[in-house]
Amino acid sequence: MASNFVDVARIVIKAGKGGDGAVSFHREKFVAAGGPDGGDGGRGGNVVFVADDNLSTLMDFRYKRKYAAAPGENGSGSRCTGKNAPDLVIRVPRGTVIRDAASGLVMADISGDEPVVVARGGKGGWGNTHFASPTRQIPRFAKPGLPGEEFEVRLELKLIADVGLIGFPNVGKSTLISAISAAKPKIANYHFTTLTPVLGVVRVGPEASFVAADIPGLIEGASEGVGLGHDFLRHVERCRLLLHVVDVSGCEGRDPKEDFERINQELVNFSAELAQRPQIVLGNKCDIATPEQVAEFRAYIEGQGLVFLPISAATRQGLDGLPGLVYERLKDLPPVQVYEPEFVRDTTPADPRAFTVEQEDEHVWRVDAPWLERILEGSDVEDYESLQYFQRQLGESGVLDELVRRGVQEDDTIKIGEFEFDYVF
């Protein structure tokens, strides 16, 4: 049976490039030599994630994998700064954890109401106004905008629930959550009836409630990908309290003690921290179990220091006091886990004039210097002052000295980005 529930997705997000600075000169009647007045470019759009309670799956991200924010507006004359681009807002289900795909580190946990900026837009470039000086009064160049951040990210939906119902398939978890909340899961007498986690709000009083989640598909080997458990164990991670549902009647030929131990072992295999989460054990189907079966299992569970409650979800036996018991227990437990960001952007200041020189052919040289490419992009290479400024950058940065040291000859071709020049002594 196919399911529309998707709780993992991988997408590429790209913030907008900053707008380019403008090359412009003031022109007005009766005003001579008005001077440069090119405005700066606007900031590129950020990529922002927001929690949306109307969403419950990451299905949409299976069909669209790339998300790019708009670039900032270019600057213009009269010192007009370009408009900042609007942010690209991506709506995800509450509880979505965003990880850097390369490192696996958490970048953000979209659990609160505040928007979270995950990729920052590039800054706008300077207009030619910034480059005017007593010796350079007509600068015909400006700075292009900087690129925005780009990441491949992994989205993981980890449901936000106070209580998680765990146990083997067909032990009555779906019947239980439908009995104590308004949730209406599909209920049938076969394994894996529930293919997606089901959330239900359990009301205890006028101002008292908690959220319970029916976690499907836990069987032996779930932590290694057997059954559906590998897909849904992650949804138990945020739960503050676990309700471990066991078929105490053994009506399917299984031993309730072995079931209990196997499920707990799967929790250990998946996460040692999760295995330490508090549990209340519910002996379900006690209406068809013998008193001896219930008493023996009670002694076994209470012997491990756990609370045991015999119930029958089908007949509502023992359910009246369950919500209150759970609510009181939750009062003593920490709040729902929120994942703190682990991903750290590389803020090490790079050498602003770093470059490398490689010889591509006998008379062809490649200079790799992104900062030089940006200067060229914003320059008019046919203009004498612009060319002078560019040549001065080559000299001051040590690029020319390195070319000479490597043996460049007159009329050799120098490549910088998409530009080519002939070397002249």
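Our structure is the block above this text.
The residue numbers shown here count from 1 along each chain, following its written sequence. Side-chain atom pairs in this predicted model are given and counted only at pLDDT of 80 or more, local residue features only at pLDDT of at least 70, and totals for whole chains, interfaces and linings cover all residues. The side-chain values count all of the structure's non-hydrogen atoms but skip hydrogen atoms and water molecules.

A. Molecular detail of the overall build of the protein chain. Scanning the protein chain for helices and strands turns up nine helices and 18 strands. For every residue, the accessible area obtained with a 1.4 Å probe (protein chains only) is divided by the maximum for its type, and the residue is called buried under 20%, exposed over 50%, and partly exposed between those limits. In the protein chain, which comprises 425 residues, the share counted as buried stands at 46%. Relative to all contacts within the protein chain whose residues are 6 or more apart in sequence, the contacts with residues 24 or more apart total 72%. When the accessible surface of the protein chain is totalled, it reaches about 21,600 Å², and 50% of it is carbon and sulfur. Numbering of helices and strands runs from the N terminus; a helix is a DSSP stretch of H or I covering at least four residues, while a strand is a stretch of E covering at least two. Any two residues whose heavy atoms approach within 4.5 Å are treated as being in contact. Values of accessible area rely on a 1.4 Å probe in the Shrake-Rupley scheme; residue burial ignores everything except the protein chains shown.

B. Looking closely at the pattern of salt bridges. Each salt bridge in this description consists of a side-chain nitrogen of Lys or Arg and a carboxyl oxygen of Asp or Glu lying within 4 Å of one another. Under the counting rule described, the total for this entry stands at 20 salt bridges. Of the charged contacts in the structure, one is a salt bridge between Glu152 and Arg10, with a shortest N-O distance of 3.7 Å. With Glu152 in strand 8 (residues 150–157) and Arg10 in strand 1 (residues 8–14), this residue pair connects regions lying 142 residues apart in the sequence. Judged by its relative accessible area of 40%, Glu152 falls in the partly exposed class. Judged by its relative accessible area of 40%, Arg10 is partly exposed. For the salt bridge of Arg43 with Asp87, the shortest nitrogen-to-oxygen distance reads 3.7 Å. Of the two residues, Arg43 is situated in the loop between strand 1 and strand 2 (47–51) and Asp87 in the loop between strand 3 (66–68) and strand 4 (88–92); the sequence distance between them amounts to 44 residues. In this structure, a network of salt bridges that share partners links the residues Arg99, Arg154, Glu156, Lys158 and Glu237.

C. Region of the structure containing a negative patch on the surface. A grouping of Glu410, Asp411, Glu420 and Asp422 is seen on the molecular surface, where their side chains present a negatively charged patch. Position of Asp411 among the secondary structure elements: in the loop between helix 9 (399–406) and strand 17 (413–416). Patches in this entry comprise residues that are over 30% relatively accessible and not in a salt bridge; like charges within 9 Å are linked, as are nonpolar side chains (Val, Leu, Ile, Met, Phe, Trp, Tyr) within 5 Å. For the purpose of counting charges, residues Lys and Arg are taken to be positive, whereas Asp and Glu are taken to be negative. His and the chain ends are not included. Charge positions come from single atoms, namely NZ of Lys, CZ of Arg, CG of Asp or CD of Glu.

D. Helix 1 (residues 173–180), seen in detail. Of all eight residues that make up helix 1, six are buried, and the element is covered over most of its length. Every buried residue of helix 1 is listed here: Lys173, Ser174, Leu176, Ile177, Ser178 and Ile180.

E. Focus on the nonpolar core. Ranked by internal contacts, the top residues of the largest apolar core, which has 34 residues, are Val163, Leu176, Leu282 and Val326. Secondary-structure elements contributing two or more residues to this core are strand 9 (163–166), helix 1, strand 11 (208–214), strand 12 (241–247), helix 3 (256–270), strand 13 (279–284) and helix 6 (322–331). A per-element tally of this core places strand 12 first, with four residues. For Leu282, the contacting residues outside a window of four places in its chain are Leu176, Leu243, His244, Val245, Val246, Leu309, Ile311 and Leu322. Core analysis: the next-biggest nonpolar cluster, separate from the first, contains 24 residues, Val47, Ala69, Leu157 and Leu159 among them. Note on terminology: a nonpolar core comprises buried Ala, Val, Leu, Ile, Met, Phe, Trp, Tyr and Cys residues joined through side-chain atoms within 4.5 Å.

F. Quick peek at the packing of aromatic side chains. Any pair of Phe, Tyr and Trp rings, taking the six-membered ring for Trp, is counted once the centres come within 6.5 Å. Such a pair is stacked with planes under 30 degrees apart, edge-to-face with planes over 60 apart, and tilted for the rest. All chains considered together, the criterion is met by eight aromatic pairs. Centre to centre, the rings of Trp126 and Phe131 are 6.4 Å apart; their planes meet at 55°, and the pair counts as tilted. For Trp126, a relative accessible area of 42% corresponds to the partly exposed category. Using a relative accessible area of 8% as the deciding quantity, one classes Phe131 as buried. Three or more aromatic residues joined by ring pairs make a cluster, and in this case those are Phe260, Phe297, Tyr300 and Phe308.

G. Region of the structure containing the sheet that holds strand 17. Between any two strands, pairing holds if DSSP finds at least two bridges. Reading across from one edge, 15-16-17-18 is the order of the four strands in this open sheet, with mixed pairing throughout. Of all strands in the sheet, those with a lone pairing partner are strand 15 (356–361) and strand 18 (419–422), marking the two edges. With strand direction ignored, the average angle separating the axes of adjacent strands in the sheet is 25°. Bridge count between strand 15 and strand 16 (residues 364–368): five bridges; the pairing is antiparallel. By the bridge assignment for strand 16, Gln359 is matched with Trp365. For helices, the axis comes from a line fit to the C-alpha atoms of the stretch in contact; other axes are also lines fit to C-alpha atoms, and the angle between any two N-to-C directions lies between 0 and 180 degrees.

H. Structural context of the environment of Asp214. Tracing the chain through its elements places Asp214 in strand 11. C-alpha of Asp214 to C-alpha of Thr175: the two residues are 39 residues apart in sequence and 9.8 Å apart in space. Identification of polar contacts relies on pairs of N or O atoms within 3.5 Å, with a donor-acceptor requirement for protein atoms, meaning one able to donate a hydrogen and the other able to accept it, and with residues adjacent in sequence counted only if both atoms are side-chain atoms. Looking at Asp214, its side chain comes within polar contact range of the side chain of Ser174, at 2.9 Å.

I. Fine view of the side chain of Asn264. Tracing the chain through its elements places Asn264 in helix 3. Asn264 gets classed as buried once you look at its relative accessible area, which sits at 17%. Once residues within four sequence positions are removed from consideration, Asn264 is found in contact with His244 and Gln279.

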